[in-house]
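As a plain string of letters, each chain reads:
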Amino acid sequence: MIYKCLVIATFEKIRGFTEKLCKPLMTEDYVIQSMPDVSPPKWHLAHTTWFFENFILSKWIQNYQPVCPDYFFLFNSYYKTVGEHFTRSQRGLLSRPSVEEIYQYRKIINERICQLLAQCSERAKKELVPLMTLGIHHEQQHQELLLTDILHIFWINPLKPSYLKNSQKEHLEISISPHSFLSLSGGLLEMGHPGDSFSFDNELPRHRVFLDEFQIGNRLVTQGEYLEFMEAGGYQKPELWLSDGWICVEKYQWRAPLYWEKIGTHWWQMTLFGMQRLQLSCPVSHISYYEAEAFAKWKAKRLPTEAEWETCASTYPIQGNFVEQELFCPQPLSHRFSQNGSIHQLYGDLWEWTASPYQPYPGFKPLPGSIGEYNGKFMCNQMILRGGSFGTSETHIRPTYRNFFPPDTRWQFTGFRLAGDR
Ligand SMILES: [Fe+2]
């Protein structure tokens, strides 16, 4: 009973936080889709609600009456075994249902879910709670996507609106910890989610990996360091780039991270606080895997593999700059807080590109049924990112958490750290 109450309380809290993140938006902001990868904020609000209605309410309530049968088509993202879905790249064309109707949809589904949980038997609870937990984590994933998509939506607007007012002062440039590398011994190690607590299916099964001795950078690469790469002609030297990366440099005319813009003699960047001067001591963000990889090659280093990252990060507590702190930007690693011989910024701040392709672990089994489409079918042509960002919830991240995006992705909160061989 206590556990059931806890699930209801967590559900209400997480659903409420999604709506809190939308508070700074005006009605018009909810509807824009600035590129095919971005979803309009109102679509996120509705899709996360559909998840609970489709996978829980419609299965667990006899003769279930949907709020609106068309929502099953409009707000299904990619679950082919569930039925047809609306075209992803055209989500921004939907002026109806209105924002108000979608908030009403959320309210009704919230009430139905709470009612179902309050009334269900202990036997039903055993099956319902894992699905509820998955739905809550799904909602948290979309909270971060809301932020990344809002930033892109505001960036394409020449007015460069601010999601948040500038109450958050720009950081003063501070002295940051020098870049150093720690040697780790490797050996026959284990990775993947341990124990019975929640994880996504793609974090399983736990399995053995052999790692040679390796080096890992003590912090994320900064904007100042990335600017040096640019000024050294990094975007003009094909020898630094993977072939597919160089194709992107030429095709998209990449000359800087997404959102960076040189105005006069200074570099600026679009942030959730609007356009700001670069913060040289802050981690560099909004770069693709290709750019991270080219930078590492320029430094005669490489990116860590996900096994290296995880076996290292598993020995550190999950502390960092997460969305609950509401800072909404990566933070510099102050000299004051850094310790010699320690690795910093593993969690929060920015997702870290790894050198590992997104593939199933040995013995991987997707979840049974339609929910098995959640992760497994994307295990091709994407790279793994680790550690979460300032847009990630601290209750959502784990050392074993595998995020994944195509290597040319730049609109997510992505940074990187360096690694090397012994
Ligand atoms: Fe989703």
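Keep in mind that what you see is a predicted model, and the values were worked out from it rather than measured. (Residues numbered from 1 in each chain as written. Predicted model: local features only at pLDDT ≥ 70, side-chain atom pairs only at ≥ 80, totals over all residues. Heavy atoms only, no water.)

**Q** Sorry, what's going on with the packing of aromatic side chains here?
**A** Describing an aromatic ring pair means giving the distance of the ring centres and the angle of the ring planes. Scanning the model with the defined rule gives 43 aromatic pairs in all. The ring of Phe-181 carries the charged tip of Lys-301 above its face, separated from the ring centre by 4.2 Å. Lying over the aromatic face of Tyr-361, Arg-402 brings its terminal NZ or CZ to 3.9 Å of the ring centre. (Phe/Tyr/Trp six-rings, centres within 6.5 Å; stacked < 30°, edge-to-face > 60°. Lys NZ or Arg CZ within 6 Å of the ring centre and 35° of its normal.)

**Q** Just checking my understanding: could you explain the pattern of salt bridges for this structure?
**A** Any two side chains of opposite charge can pair, given that their charged atoms come close. Across all of its chains, the model carries 18 salt bridges by this definition. Ionic pairing is found between Lys-125 and Glu-122, a salt bridge with its closest N-O pair at 2.9 Å. With Lys-125 and Glu-122 both in helix H5 (residues 122–155) and three residues apart, the pair spans about one turn of that helix. For Glu-122, a relative accessible area of 45% puts it in the partly exposed group. A salt bridge links Arg-398 to Glu-203; its shortest N-O distance comes to 2.6 Å. Of this pair, Arg-398 sits in the loop between strand S11 (383–386) and strand S12 (403–405) while Glu-203 sits in the loop between strand S2 (187–191) and strand S3 (207–211); the two residues are 195 residues apart in sequence, bridging distant segments of the chain. Accessibility assignment for this pair places Arg-398 and Glu-203 in one class, buried. (Salt bridge = Lys/Arg side-chain N within 4 Å of Asp/Glu carboxyl O. Helix = DSSP H or I, 4+ residues; strand = E, 2+ residues; numbered from the N terminus. Buried < 20%, exposed > 50% of the residue type's maximum accessible area, 1.4 Å probe, protein only.)

**Q** Would you mind showing me how to read H5 here?
**A** The periodicity of an α-helix, 3.6 residues per turn, causes residues three or four places apart in sequence to face the same way. Taking 1.5 Å of rise per residue, 34 residues should cover 50 Å, and H5 covers 49 Å from first to last C-alpha, within 8% of that figure. At Leu-128, H5 shows its largest bend, some 35°, and a proline, Pro-130, comes one to four positions later. (Expected span 1.5 Å × (residues − 1). Bend = angle between axes of the 7 residues up to and from the residue.)

**Q** Can you help me understand the nonpolar core in this one?
**A** Burial of nonpolar side chains together is a common tendency in soluble globular proteins. By size, the foremost hydrophobic cluster in this structure holds 115 residues, and its most contacted members are Tyr-163, Tyr-226 and Phe-416. Tallying contributions element by element places H5 first for this core, with 12 residues. In terms of nonpolar packing, the next biggest core, distinct from the first, is built from five residues, Tyr-358, Met-379, Ile-384 and Phe-404 among them. (Core = buried A, V, L, I, M, F, W, Y, C linked by side-chain atoms within 4.5 Å.)

**Q** What's the story with the coordination of the iron ion in this structure? I'm lost.
**A** Tetrahedral coordination by four donors puts the ideal angle at the metal at 109.5 degrees, and octahedral coordination by six puts it at 90 or 180 degrees. Around the iron ion, the protein supplies His-47 (NE2), His-138 (NE2) and His-142 (NE2) as donor atoms, at distances of 2.1 to 2.2 Å. All donors of the iron ion come from a single chain, and their spacing in sequence reads H-x90-H-x3-H. Residue His-47 is found in helix H2 (residues 41–60), and its partner His-142 is found in helix H5; the two are separated by 95 residues along the sequence. Considered together, His-47 and His-142 belong to a single accessibility category, that of buried residues. (Donors = N, O, S within 2.8 Å, 3.2 Å for Na, K, Ca; no water.)

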